[in-house]
Amino acid sequence: MIPSQVFHTAIVPAAGLGTRFLPATKSVPKELLPVLDTPGIELVAAEAADAGVERLIIVTAPGKDAVARHFERDHDLERILHARNKPALAAKVQRASNLLRIETALQHEPLGLGHAVACAEPALTGRDEAVAVLLPDDLVFPSDVLTRMAAVRRRYGGTVLCAFTAPREQLSAYGVFDLTDTDDARVKKVRAMVEKPDPQDAPSTFACAGRYLLDRAVFEPLKRLQPGIRGEIHLTDAISELIDDGHPVHVVVHTGRRHDVGNPAGMVRAAVDLLLEDPDSGADFRDWLRTRVGADR
């Protein structure tokens, strides 16, 4: 578990419309769509809890109350499941409510990730010298990256991000890093960040994954920033101001698996990945998948 002095609180931005999943998200928040049988936001919350987070602030939009309600106990459902001799299923239903303490903050306008993070700032306390941010669209496996990021903050201070290698042609969808090496091949120092660059102009192929360990200082530039060309306040711009001011910013290079569950194809890939590892169904599914893929050859 992460020592208490590193961070206690995590922020999960969950105010988006989920347009890439319409019509499903017309009535069901994207964050509650299941990866197999578990909503994506519960997987992210479990990752945060495993890293020692005590409190999760979910930034939602008006009308998305169901996201936070998922983490409330449903005693009637649990009672029914126990009465039907299904204790394992009752435990799965109860898991979300036992992970950590849930709070919410409202983002009334879709003004970007930086604005969403800033909406949670009034809920922070004097204990929150640093705060984690987890994007629910990104699932990373193995899920120990926050623990590694905390170790980097203990060593270097400042802000720590997560990087992965992306195909150059896809870099326009991400914040991209300009990096220098440290004495650890898995940790690099950030010289600059560029938000959604033209791929040919990108300073590297290291893109920002949806995990951040932000020093509390980031909220000062977030208060000053104005919406950019796309009408959004970018978290990248606030971090870039910190770098310009000499604030240490490093990345942990993630070499495991990463799935963008913010789109249907990525959600299917994540589900396949988890199902292949399932001790009960994985072997049968692997056999079926081989047969299905072979049929297309």
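It should be noted that the structure appears before, not after, this text.
None of these values were measured; they are calculated from a predicted model.

Residue-level account of the side chain of His 259, with values.
Tracing the backbone shows His 259 in strand S13 (residues 257-260). Of the polar contacts made by the side chain of His 259, one reaches the side chain of Asp 273; its length is 2.7 Å. Contact partners of His 259, with chain neighbours within four places excluded, come to Asp 137, Asp 138, Leu 139, Phe 141, Gly 266, Arg 269, Ala 270 and Asp 273.

Report on empty space enclosed by the protein, specifying residues and quantitative values.
The full count for this structure, using the stated rule, is 1 cavity of 30 Å³ or more. Every residue lining the largest cavity is listed: Lys 30, Glu 31, Gly 40, Ile 41, Pro 136, Asp 137, Val 261 and Met 267. Looking at side-chain class alone, the lining of the largest cavity contains 4 nonpolar, 1 polar and 3 charged residues.

Summarise the packing of aromatic side chains; cite the residues concerned and give the values.
The full count for this structure, using the stated rule, is 2 aromatic pairs. Ring centres of Phe 285 and Trp 288 lie 5.8 Å apart, and the angle between their planes is 25 degrees; on these two criteria the pair is classed as stacked. In this pair, Phe 285 and Trp 288 are both assigned in helix H10 (residues 282-295), 3 residues apart and thus about one turn of the helix distant. Here Phe 285 falls in the buried class, since its relative accessible area comes to 16%. The class of Trp 288 is partly exposed, set by a relative accessible area of 48%.

Cut-offs used in this document
Residues numbered from 1 in each chain as written. Predicted model: local features only at pLDDT ≥ 70, side-chain atom pairs only at ≥ 80, totals over all residues. Heavy atoms only, no water. Helix = DSSP H or I, 4+ residues; strand = E, 2+ residues; numbered from the N terminus. Polar contact = N/O pair within 3.5 Å; in protein donor to acceptor, adjacent residues only side chain to side chain. Contact = heavy atoms within 4.5 Å. 1 Å grid on protein atoms, 1.4 Å probe; cavity = no way out; pocket = protein on both sides within 12 Å on 5 of 7 lines; lining within 4 Å. Points joined across faces, edges and corners; volume = space filled by probe spheres on them. Nonpolar A, V, L, I, M, F, W, Y, C, P; charged D, E, K, R; others polar. Phe/Tyr/Trp six-rings, centres within 6.5 Å; stacked < 30°, edge-to-face > 60°. Buried < 20%, exposed > 50% of the residue type's maximum accessible area, 1.4 Å probe, protein only.

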